[in-house]
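# Results of the structural survey
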Amino acid sequence: MNVDPSEELRLCPGGHVPDTVRQDVRDLLKQTPEREPFLPASEVQFYGATHVIARALGGDQPPPTHARWSHGWAFYYDVPGINKAEFAMLARWNGNDDWLHLCRNEIEADIYKSAGAHAVVVAGLPFFYLPDLGVKRLPNTVLIMPPHSTWQASVKMSERDLLGLAQKRYPDSQLCVCLTASCCLRTGWAEACRELQIPWISGSHPYDATSLNRMKHLMSGFEVILTPKLGSHVIYAAASGARIDFVKDIPFEIVRESSIGDLTAARRSAAHAHLIEEEKLRLETMLQAGGADCQAWAMQAGGAHFRKDPVTVARLLGWTHDKIFPEITESNAHHLETLGWSDHNKDSDLVLRLDKQVADQKVKIKSAEKQVKTLEKLVLKEKQRLNTLEKSWAWKLVGKHLHSIERRLRGEAPR
């Protein structure tokens, strides 16, 4: 079922919870933040990333901005020995060169810079800007997260095989399946869950303002995340303190349905496939072991130590406090002043964007320097031609005398 992404959330049910589900799990699912469908103006808003920043400032709706913020975790960027230049095409696909690019770490920042991006800031993943939700982790609970479909790709696998394996591996635990809206509409997961009396809930979607909050709520509440795939959900779950369990013997296939498949293929080029697979196996083995080390690793790999304060991110995005609060009241003015964003320092909003302006000027200067060098080469070439002409017999015998007569007729002094 092919559905426009802006329609998926409206058509997709929020989930299904059978009567047999444990009460504590039922309460956890019921308390999951409500979905908030919206139409993002640019990629920086995907999954509600800028909503997190706006609400951290006490606002509600984020002002529009043209920027990119890498919400996902691409582990292959960090593989030792890999040639990262081939990923520059992916960076170029993900945003205009003049946009601000917020990146997870320095490696990702270098990739964007090599692709021609002018304003690049290392800020960690948006997930790490969420507040503590105060969710209590429930023992003997398993959240099943299958590889997810998108509007550009479908996942082919046996839903009942994965669910059956989960029931055998965790016979005494309460299972739940987390699905994207695309999976709800384009696969048989919902039907399989109903048949096996396993609850399911709609998780993330790029056009849902509460996606990141929903995922942190669920990953903080379930004890184990069962998944066949290493992806962004794994680093989110590990950072939230959940234990990761990988399924190795349930095959699946991701079928690409648009040109984005060509970009994805570049990520797994034959020259680097073995390096990527080795790193994938190493990470899966480490995460399978669990423990505090996994949580520390996830925070580091996701760039949590690069987090900026919300005011700084807002200023980098070009927001001003009057855009966050269209109506300034005594209450929200005091709140903004507490955050260090009051009227008297409004000029600093411009200061924090100077990096991009300087970068733009550097590009213009570099272009001008290139033009000057080209002109210098042309001048030199013409001088060489003139020098050759003046040394010729034709010039000495005829041209020189004719030129002298021409200068006298114009009233110029003879040479």
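Before reading on, note that the structure itself is shown above.
Even without being a glycine, asparagine 140 presents a positive backbone phi close to 55°. Not every positive phi belongs to a glycine, and glutamine 197 is a case in point at roughly 55°.

Turning our attention to the state of the cysteines. With the rule as written, the count across this model stands at zero disulfides. Cysteine 178 takes part in no disulfide bond, and the closest cysteine sulfur to it belongs to cysteine 176, at a distance of 7.3 Å. With no disulfide of its own, cysteine 193 lies 7.9 Å from the sulfur of cysteine 176, the closest cysteine sulfur. Relative accessible area serves as the criterion here: at 0%, cysteine 193 is assigned to the buried category.

So, on to helix H8 (residues 189-196). Listing the buried residues of H8 in full gives Trp189, Ala190, Ala192 and Cys193. Projected onto a plane normal to the axis of H8, the buried residues spread over an arc of 165° and lie on a single side. One or two residues past the end of H8 sits glutamine 197, with phi positive at roughly 55°.

Here the focus is the sheet that holds strand S3 (residues 100-103). Spatial strand order, S2-S3-S4: three strands in an open sheet with parallel pairing. In this open sheet, the two strands that pair with only one neighbour each are strand S2 (67-69) and strand S4 (119-122). Strand-to-strand, the axes of this sheet are offset by a mean angle of 15°, without reference to chain direction. Bridge analysis of S2 against S3 gives three bridges, and the strand direction is parallel. Note that in S3 the partner of arginine 68 across the bridge is histidine 101. Docked against the sheet, helix H5 (residues 106-114) engages S2, S3 and S4, running at close to 175° with respect to S4.

What counts and what doesn't
- Residues numbered from 1 in each chain as written.
- Predicted model: local features only at pLDDT ≥ 70, side-chain atom pairs only at ≥ 80, totals over all residues.
- Heavy atoms only, no water.
- Disulfide = S-S within 2.5 Å.
- Buried < 20%, exposed > 50% of the residue type's maximum accessible area, 1.4 Å probe, protein only.
- Helix = DSSP H or I, 4+ residues; strand = E, 2+ residues; numbered from the N terminus.
- Arc of directions from axis to C-beta.
- Pairing = 2+ DSSP bridges.
- Axes fitted to C-alpha atoms, helices over the stretch in contact; angles between N-to-C directions.
- Contact = heavy atoms within 4.5 Å.

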